[in-house]
Amino acid sequence: MRPVLRLLSNELIERIISEARDILCDLGVEIHNDGVLSMLSDHGAEVDCGKKHVFFTSDIIDKALEAAPDSVELYDVMGRKTHNLTDHNVYFTPGSAAINILDSISGEIRKPSTADYVEYAKLMSGLDNIASQSTAFIPADVPEKISDSYRLFLSLLYCDKPVVTGAFTIDAFNVMKDLQLAIRESRDALKKKPLTIFSCCPTAPLKWSDVTSQNLVDCAGHFIPVEYISMPLSGFMAPVTLVGSLVQHTAETLSGVVLSQLTQPGTPIIYGGSPAAFDVRFETTPMGAVETQMIDCAFNEIGKYLNLPTQAYIALSDAKKLDAQAGLETSMGATLAALSGINSISGPGMLDFESCQSLEKLVVDNEICGMTLRLIMGIEPKEDFPAIPIFEELLKEKHLLIASHTRKYLHDEHYFPGAVIDRANSSRWMEEGSLTIGDRAKMEIERLLGIWEPTELPDGVLAEMTVLMKKEAAKFGMDSLPHEDL
Amino acid sequence: MELLSKISFNLQSGFDETVTALTKEAVEKRIPPDEIMNIGLIAGMNIVGEKFKNHEIFLPDVLLAARAMNCAMEVLKPLLIKDGIPIKGKVVIGSVKNDLHDIGKNLVAILLKGAGFEVIDLGNDVPAEKFIRVAAEENADVIGMSALLTTTMPVMKKVVDMAKDEGLYSEVKIMVGGAPVSKAFALEIGADAYSYDGANAVETVESFFRENS
């Protein structure tokens, strides 16, 4: 039995959706994009162009929900299927778009460079329990205007896994799409085998900026999957109650669904989010708070009720170092998320309120992900009945270490974590240097970077991607790209 | 040589019947038994030990290889004795008096056998006198003692003291292990070594013989 956590009753889900629809129709949403407003108007929505305000109708909400696909597939750089985001399938992806990195040598939080990014992408190739990469942080050694496209370029160059990403500007979308077209070779091939997910964030409360709403439209135009990242902050930019925050999240996310599906019916979308409790003592948005995680799991239930694939920023921590808080918050989030069946679980590697990535934390979190993936496989009998034969064997042999039953099921039944998780007895642990989890994580990073292998993309494709990126960089005064000097 | 590599390969995979058949074939082809043992079997077990240490394979794989090794040694042992070739070493092993726990000790015994040592397993609840008597009678190289209870640990010291009294102390290496036992305790009672798990016990015994060679 696949264990499933439920926090909401169907009656409560229906009420939340109903209230959210009322908000969309009666209070409306602010959208700072004339093209989108005009498109919505064409579909019968009441639009106030001067105030950039639109009042949805029940009809267009229903139409959008009807058109939305119930699953999203992803394929890696080489075209191999890696994800089927649907039902209770679960996949992990690193927290994305951090502005800082935790320096593994000095232990300081600092701005990341291209060298850090390349190391990250190589490392991601070896982390088996994290199925996709994200554009996890923003290299600070390139102009801001290309920092979104450049990190995607580096990701595609150094790691095969599909990428959760996003554009910071309207213009950046073009090169980010072209990089994908260079790999897939045609718009149809990219539609058939999506390579990226674009995160698109409404602004709380009930607002879409020009950039993010245009990103939705552009992604829909190319059938590039998007995940909506609504961010209600309970008690600050959203009602203090979890239900109130869920109503807001539902309204903001449904508005995104409408924008995408009216632009391009059937375009792949993911019911995501990054809501948070607001800590009124520290004026912060704790991602490790249990209430944040509860809202995540609950909106995932609403997404599932609407037959949509889901995503949430949940397996992460607000700690500033790889310490016990980092472990406990990430583990709790990952466990709840996996049990809830959030399809794309974002967060591994992330610290400090989604602002700092850590490679050490990534390799530790990879084990948390491995354990939770085992958890959701549940408990099933495997040639356990009738029980007498195996116990006869145990009584006769005194152990079952080499029993055929053991050999057959050992690796299916038990998840064996990698070297970062300490399972040695204390004497062995001391004999091997009394290493901390941080020490072991550093060693694991070194090992994984040592076995990394370059992409098998044809030279022609790599050359095309490089030309695209260089052309983009040249627009902002860069003649050469930092990764070329590594 | 190809045959010996085959023996090593099949031993690493834990195919006891194949290893036994190949060992018999090697004997028929008049390959010296010590070569079969060293280049075929022990070389294979060394690879298994290394892989286990690096977590590339797990305990069941080691035990399967050890079982294959034991089967092959049954074929070779009479020939080795006939040729006057010494076996790798002899270990007397047991859980100490009043200690009825023997899972750890059994693992150590299986792994030592698998590594090519002759193991005389005295079982559990073994009095100090018996360790000393059997070690002397069998001309053993190593005494291995295990305890899971702090209350039975003093028996280990008794064995060390008796070995000194009986003039065995310089002849026999004494190794201790078990959950409450530590390196410091081993030093304190005058044991030669402490091992924290089965694989480590094999390494420790191997190191005794390296010291002597």
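Before going further, it helps to examine the domain arrangement of chain A. Residues and elements named next belong to chain A. For chain A, the assigned domains are domain 1 (10-59) and domain 2 (67-375). Using only C-alpha atoms to locate each centre, domain 1 and domain 2 end up separated by 25 Å. Elements with a minimum of two residues in the side of domain 1 that touches domain 2: helix H1 (10-27), strand E1 (29-31) and helix H2 (34-42). Tallied by class, residues from the side of domain 1 that touches domain 2 come to 12 nonpolar, 4 polar and 2 charged.

The subject of this paragraph is the nonpolar core. If you look at the biggest cluster of nonpolar residues, it comprises 133 residues, and the most contacted ones within it are Val226, Ala337 and Ile345 of chain A. When residues of this core are assigned to domains, at least three fall in each of domain 1 (10-59) and domain 2 (67-375) of chain A. Sequence-distant contacts of isoleucine 345 of chain A, defined by excluding residues within four places in its chain, comprise Val90, Tyr91, Phe92, Thr93, Ala312, Ile314, Ala315, Ala334, Ala337 and Ala338 of chain A. One finds Ala65, Ala68, Val126 and Tyr194 of chain B within the second-largest nonpolar core, a separate group that totals 64 residues.

On to helix H3 (residues 33-53) of chain B, then. Residues and elements named next belong to chain B. Its 21 residues give H3 an end-to-end C-alpha distance of 28 Å, which sits within 8% of 30 Å, the value for a rise of 1.5 Å per residue. For H3, the principal kink sits at isoleucine 42 and spans about 30°. Taken residue by residue, H3 has Pro33, Ile36, Met37, Gly40, Leu41, Gly44, Met45, Val48 and Gly49 as its buried positions. Of the residues one or two after H3, histidine 55 is the one with positive phi, at around 60°.

This brings us to the confidence of the model for chain B. Atom-level detail of predicted coordinates should not be read off regions where pLDDT is low. Of the residues in chain B, 99% have a pLDDT of 70 or more, and the chain-wide mean is 93. At the level of chain-chain contacts, confidence expressed as ipTM amounts to 0.83, with global pTM at 0.93.

As a further point, take the pairing of strand E2 (residues 118-121) of chain B. All names here are of chain B. Alternating residues of E2 divide into Val119 and Asp121, all buried, and Glu118 and Ile120, none buried. Here strand E1 (residues 90-95) pairs with E2 via 4 bridges, running parallel. In the strand pairing of E2, isoleucine 93 is matched with aspartate 121. With helix H5 (residues 103-114) bridging E1 and the parallel E2, this β-α-β connection has right-handed handedness.

What follows covers the sheet that holds strand E19 (residues 350-351) of chain A. All names here are of chain A. One open sheet holds the 4 strands; their spatial order is E8-E7-E20-E19, and the pairing between them is mixed. Of all the strands in the sheet, the pair left with one neighbour each is strand E8 (109-110) and E19. Sheet analysis places E19 next to strand E20 (residues 356-357), joined by 2 bridges and oriented antiparallel. The residue of E20 that forms the bridge with methionine 350 is glutamine 357.

Attention now goes to the packing of helix H9 (residues 242-263) of chain A against helix H10 (residues 290-305) of chain A. All names here are of chain A. Between H9 and H10, whose axes approach to 10 Å, the crossing angle comes to 50°. Taken together, the axis directions place H9 and H10 in an arrangement best described as oblique. Relative to H10, H9 is oriented so that their crossing is right-handed. Two secondary-structure elements touch here, H9 through Leu242, Ser245, Leu246, His249 and Thr250 and H10 through Glu291, Met294, Ile295, Ala298, Phe299 and Ile302. Per-class residue counts for the contact of H9 with H10 are 7 nonpolar, 3 polar and 1 charged.

For the rest of this paragraph, the subject is the sheet that holds strand E6 (residues 91-93) of chain A. Sheets are built from strands that pair by backbone hydrogen bonding, the pairs being arranged parallel or antiparallel. Residues and elements named next belong to chain A. Read across the open sheet, the 3 strands follow the order E6-E18-E17; overall the sheet is parallel. Either end of the sheet is taken by a strand with one partner, and the two such strands are E6 and strand E17 (311-313). Strand-to-strand, the axes of this sheet are offset by a mean angle of 20°, without reference to chain direction. Bridging between E6 and strand E18 (residues 344-346) involves 3 bridges; their strand directions are parallel. Bridge pairing links phenylalanine 92 to isoleucine 345 in E18.

Across a regular strand the side chains alternate sides, sitting on one face of the sheet and then on the other. All names here are of chain B. With 5 of 6 residues buried, E1 is to be regarded as a mostly interior element. Inspection of the sheet shows E1 paired to strand E3 (residues 142-146) by 5 bridges, in the parallel sense. The residue of E3 that forms the bridge with glycine 94 is methionine 145.

Analysis parameters
- Residues numbered from 1 in each chain as written.
- Chains lettered and ligands numbered in written order.
- Predicted model: local features only at pLDDT ≥ 70, side-chain atom pairs only at ≥ 80, totals over all residues.
- Domains from an automatic or database assignment.
- Helix = DSSP H or I, 4+ residues; strand = E, 2+ residues; numbered from the N terminus.
- Nonpolar A, V, L, I, M, F, W, Y, C, P; charged D, E, K, R; others polar.
- Core = buried A, V, L, I, M, F, W, Y, C linked by C-beta atoms within 7 Å.
- Buried ≥ 20, exposed ≤ 12 C-beta atoms within 10 Å, placed from the backbone.
- Contact = placed C-beta atoms within 7 Å.
- Expected span 1.5 Å × (residues − 1).
- Bend = angle between axes of the 7 residues up to and from the residue.
- pLDDT = per-residue confidence, 0-100.
- Pairing = 2+ DSSP bridges.
- Right-handed = clockwise from strand over helix to strand, strands pointing away.
- Axes fitted to C-alpha atoms, helices over the stretch in contact; angles between N-to-C directions.
- Parallel < 35°, antiparallel > 145°, perpendicular 65-115°, else oblique.
- Left-handed = near helix turned anticlockwise from the far one by under 90°.

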